[in-house]
Amino acid sequence: MPLLDSIVSALGARNPQLGAQAALLPALIEQVRHYPGGLPALIQRFRDGGLSEVINSWAGSGPNLPVSADQLESVLGEGVIGQLSAKSGLDTATVLSQLCIMLPSLVSEAAASSAGKEGPGGGFPLDALSGFLGRM
């Protein structure tokens, strides 16, 4: 993902506060792109984990409800969090705190974009990425 790496580097250079998000973004997109069963399976995992109201707000058209780091860790599991940490170079606590910020918007954008559109490379809609980057 050379283009994404360039975009992420530029974001981090322009605004140092976005450094952690810039480091996590490629790993997060890769994780969502390759999640077994795609976005619908990820949404179901949140529902199965008792976070139906939260995930429905993200996948719907209204405002996104917040999620805590503990809730994310419980639903996603140590394996997913560990992979994101390893791929981003961030510690687990930073990954979780950034996911609380990033994941609601990314799921919202992906859910909106996947309603009839599918991007190249594994089904992750590129419109979701552009919409998400526009919010950063």
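Residues numbered from 1 in each chain as written. Predicted model: local features only at pLDDT ≥ 70, side-chain atom pairs only at ≥ 80, totals over all residues. Heavy atoms only, no water.

Overview of the overall build of the protein
And step 1. Looking only at helices and strands, the protein features 7 helices and 0 strands.
And step 2. Counting from the amino terminus, the protein carries its helices and strands in the arrangement α-α-α-α-α-α-α.
And step 3. In the protein, which comprises 136 residues, the share counted as buried stands at 43%.
And step 4. Across the protein, the fraction of contacts at a sequence separation of at least 24, relative to all contacts at a separation of at least 6, is 59%. (Helix = DSSP H or I, 4+ residues; strand = E, 2+ residues; numbered from the N terminus. Buried < 20%, exposed > 50% of the residue type's maximum accessible area, 1.4 Å probe, protein only. Contact = heavy atoms within 4.5 Å.)

A short note on the side chain of serine 88
And step 1. With respect to the helices and strands, the residue serine 88 is situated in helix H5 (residues 69-88).
And step 2. Since its relative accessible area comes to 13%, serine 88 is described here as buried.
And step 3. Among the polar contacts listed, one links the side chain of serine 88 to the backbone oxygen of leucine 84, at a separation of 2.7 Å. (Polar contact = N/O pair within 3.5 Å; in protein donor to acceptor, adjacent residues only side chain to side chain.)

Side note on the nonpolar core
And step 1. Phe46, Trp58, Leu72, Leu76, Leu99 and Leu103 are the most contacted members of the largest nonpolar core, which has 33 residues in total.
And step 2. For this core, the secondary-structure elements that each account for two or more residues are helix H2 (19-33), helix H3 (38-48), helix H4 (52-59), H5 and helix H6 (92-113).
And step 3. Looking at which element gives the most residues to this core, the answer is H6, with 10 residues.
And step 4. Residues contacting leucine 76, with those up to four places away along its chain left out, are Leu42, Arg45, Phe46, Ile81, Leu99 and Leu103. (Core = buried A, V, L, I, M, F, W, Y, C linked by side-chain atoms within 4.5 Å.)

Examining the pattern of salt bridges
And step 1. Inspection of the entire model under this criterion finds 1 salt bridge.
And step 2. Across the pair glutamate 30 and lysine 87 runs a salt bridge whose closest N-O atoms are separated by 3.1 Å. With glutamate 30 in helix H2 and lysine 87 in helix H5, this pair connects stretches of sequence that are 57 residues apart.
And step 3. Using a relative accessible area of 29% as the deciding quantity, one classes glutamate 30 as partly exposed. (Salt bridge = Lys/Arg side-chain N within 4 Å of Asp/Glu carboxyl O.)

Comments concerning the environment of glycine 60
And step 1. Tracing the backbone through its elements, the reader meets glycine 60 in the loop between H4 and H5.
And step 2. For glycine 60, a relative accessible area of 38% gives the class partly exposed.
And step 3. With 49 residues separating them along the chain, glycine 60 and glutamate 109 place their C-alpha atoms 9.9 Å apart.

Overview of the confidence of the model for the protein
And step 1. Residue-level pLDDT values for the protein average 77, and 71% of them are 70 or greater.
And step 2. Looking across the protein, the model is least confident in helix H7 (residues 126-135), with a mean pLDDT of 45, and most confident in H5, with 94.
And step 3. Across residues 116-136, confidence stays below pLDDT 50; counting only partners more than four residues off in sequence or on other chains, it has 43 contacts. (pLDDT = per-residue confidence, 0-100.)

Here's the deal with H2
And step 1. Counted at 1.5 Å a residue, the expected span for H2 with its 15 residues is 21 Å, and the 22 Å between its end C-alpha atoms agrees.
And step 2. Along its length, H2 shows its largest kink, about 35°, at leucine 25, and proline proline 26 lies within four residues downstream of that point.
And step 3. With respect to burial, H2 is a largely interior element, 11 of its 15 residues being buried. (Expected span 1.5 Å × (residues − 1). Bend = angle between axes of the 7 residues up to and from the residue.)

Here's the deal with the environment of serine 52
And step 1. Residue position: serine 52 is located in helix H4.
And step 2. Accessibility expressed as a relative area gives 28% for serine 52, which makes it partly exposed.

Regarding the packing of H2 against H5
And step 1. Where H2 meets H5, the closest approach of the two axes is 8 Å, and the angle between their N-to-C directions is 135°. Accordingly, the angle class assigned to the pair H2 and H5 is oblique. When the axes of H2 and H5 are compared, the crossing they make is right-handed. Of the residues in H5, those touching H2 at Ala23, Leu24, Ala27, Leu28, Glu30 and Gln31 are Val80, Gln83, Leu84, Lys87 and Ser88.
And step 2. A breakdown of the residues in the contact of H2 with H5 according to their chemical character gives 6 nonpolar, 3 polar and 2 charged. (Axes fitted to C-alpha atoms, helices over the stretch in contact; angles between N-to-C directions. Parallel < 35°, antiparallel > 145°, perpendicular 65-115°, else oblique. Left-handed = near helix turned anticlockwise from the far one by under 90°. Nonpolar A, V, L, I, M, F, W, Y, C, P; charged D, E, K, R; others polar.)

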